[in-house]
Amino acid sequence: MDFISDRTFKGADYTQQKLAKAEYEQCVFEGCDFSNGYLDNQHFLECAFIDCNLSNANVAHTIFKEVTFSHCKMVGLKFEECTDFLMDFSFSHCDLSLASFYGLSLKKQEFHTCKLIKTDFTETQLIAATFAQCDLKEALFSRTNLSNADFRTARHFNIDPEQNILKKAHFSKEGLAGLLQKYDILIT
């Protein structure tokens with residue numbers, strides 16, 4: 001596998017032509033289009049994706065270690081198909097609607113100002129995760145460990161306390177309705 005370091009890829013279209021298989025270290029991908037493309041079997045170490053479209057890209061067996069995603073469209077990505085060894089990434093101002101993190105261990109995961117509409121967090125370990133200013137409309141939490149997670153500024157979430165672990169999770173008073181929706185009660 002080739003090794004590519006300290007390079008910037010700007011405005012490239014990888015929807016038809018595949019990104020060269022390599023280990024990318026400290027690279028920046030800015031304004032690139034990977035939608036419906038192939039990012040499988042790649043290694044990204046300490047890389048940044050800025051204003052990229054990765055929607056529905058194939059990420060099977062891909063390694064993301066210390067990777068940041070900022071202002072990216074990532075609709076429908078199946079992160080559980082990635083290699084989970086050393087998995088470490090953060091998201092800021094990203095659209096992760098319909099993405100899936102099924103069964104992953106994402107301790108201290110950070111989501112800042114992200115759309116997580118209909119995102120699947122089933123059986124995910126999100127211990128001490130942060131959902132700052134995130135829209136979690138119809139996000140799926142089932143058998144999810146949310147111990148010490150921070151939902152204080154998150155909105156539109158619906159989390160069943162009987163189906164998830166919420167020990168010491170943080171919620172605002174306004175957000176408590178998202179924990180009680182299944183009871184069909186009115187809070188005034």
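Here the residue numbering is sequential within each chain, running from 1 through the sequence in written order. It should be noted that, the model being predicted, local features are given only for residues of pLDDT at least 70 and side-chain atom pairs only at 80 or more, the latter also being counted only at that level, while totals for whole chains, interfaces and linings use all residues. Side-chain numbers come from the whole structure's heavy atoms, not from hydrogens or water.

A. Structural detail: the overall build of the protein chain. The number of helices and strands found in the protein chain is 1 helix and 10 strands. Numbering of helices and strands starts at the N terminus; helices are DSSP runs of H or I of at least 4 residues and strands are runs of E of at least 2. When the elements of the protein chain are put in sequence order from the N terminus, they spell out β-β-β-β-β-β-β-β-β-β-α. The quantity called the radius of gyration is restricted to C-alpha atoms. Its globule counterpart is 2.2 Å times the number of residues to the power 0.38. Against the compact-globule benchmark of 16 Å for 188 residues, the protein chain has a radius of gyration of 17 Å, which places it among compact chains. Structurally, the protein chain occupies a C-alpha span of about 55 × 25 × 20 Å along its principal axes. Each residue's exposure class comes from its accessible area (1.4 Å probe, protein chains only) as a fraction of the maximum for that residue type: buried when under 20%, exposed when over 50%, partly exposed otherwise. Buried positions account for 48% of the 188 residues belonging to the protein chain. Once local pairs closer than 6 in sequence are excluded, the contacts in the protein chain between residues at least 24 apart make up 3%. It only takes one pair of heavy atoms within 4.5 Å for two residues to be counted as in contact.

B. Representation of the side chain of Asn164 within the structure. Following the sequence through the fold, Asn164 ends up in the loop between strand 10 (130-132) and helix 1 (177-180). For Asn164, a relative accessible area of 7% gives the class buried. Polar contacts, as used here, are pairs of N or O atoms within 3.5 Å; protein pairs need one atom able to donate a hydrogen and one able to accept it. Residues neighboring in sequence count only if both atoms are side-chain atoms. Side-chain polar atoms of Asn164 contact the backbone nitrogen of Arg143, separated by 3.3 Å. A polar atom in the side chain of Asn164 sits 3.0 Å from the backbone nitrogen of Thr144.

C. Just the pattern of salt bridges, in detail. Note on definitions: salt bridges are taken to be side-chain nitrogens of Lys or Arg within 4 Å of carboxyl oxygens of Asp or Glu. On inspection of all chains with the given rule, the structure shows 5 salt bridges. Across the pair Glu138 and Lys118 runs a salt bridge, and its minimum N-O distance is 3.9 Å. Note that Glu138 is positioned in the loop between strand 10 and helix 1 and Lys118 in the loop between strand 9 (110-112) and strand 10, a separation of 20 residues in sequence. The class for Lys118 is partly exposed, based on a relative accessible area of 44%. We note a salt bridge from Glu123 to Arg143, for which the minimum N-O separation is 2.8 Å. Placement of Glu123 in the loop between strand 9 and strand 10 and of Arg143 in the loop between strand 10 and helix 1 is noted, with a sequence separation of 20 residues between them. Judged by relative accessible area, Glu123 falls into the partly exposed class, the value being 30%.

D. Focus on the packing of aromatic side chains. Think of it this way: a Phe, Tyr or Trp ring, Trp meaning its six-membered ring, pairs with another when their centres are within 6.5 Å, and the plane angle makes it stacked under 30 degrees, edge-to-face over 60, tilted otherwise. This structure, assessed with the given rule, holds 34 aromatic pairs. Taking the centre distance of 5.7 Å and the plane angle of 70° together, the rings of Tyr24 and Phe29 count as edge-to-face. Using a relative accessible area of 1% as the deciding quantity, one classes Tyr24 as buried. Using a relative accessible area of 0% as the deciding quantity, one classes Phe29 as buried. Ring geometry for Phe69 and Phe91: centres 5.3 Å apart, planes at 10°, overall stacked. In this pair, Phe69 sits in strand 7 (residues 63-70) while Phe91 sits in strand 8 (residues 88-92), placing the two residues 22 residues apart along the sequence. What makes Phe69 buried here is its relative accessible area of 1%. According to the relative accessible area criterion, Phe91 is buried, its value standing at 1%.

E. Region of interest: the environment of Phe111. Structurally, Phe111 is set in strand 9. C-alpha of Phe111 to C-alpha of Phe49: the two residues are 62 residues apart in sequence and 15 Å apart in space. Discounting chain neighbours no more than four positions away, the residues touching Phe111 are Phe91, Leu96, Phe101, Leu116, Phe121, Leu126, Thr130, Phe131, Ala132 and Cys134.

Geometry only, nothing functional implied.
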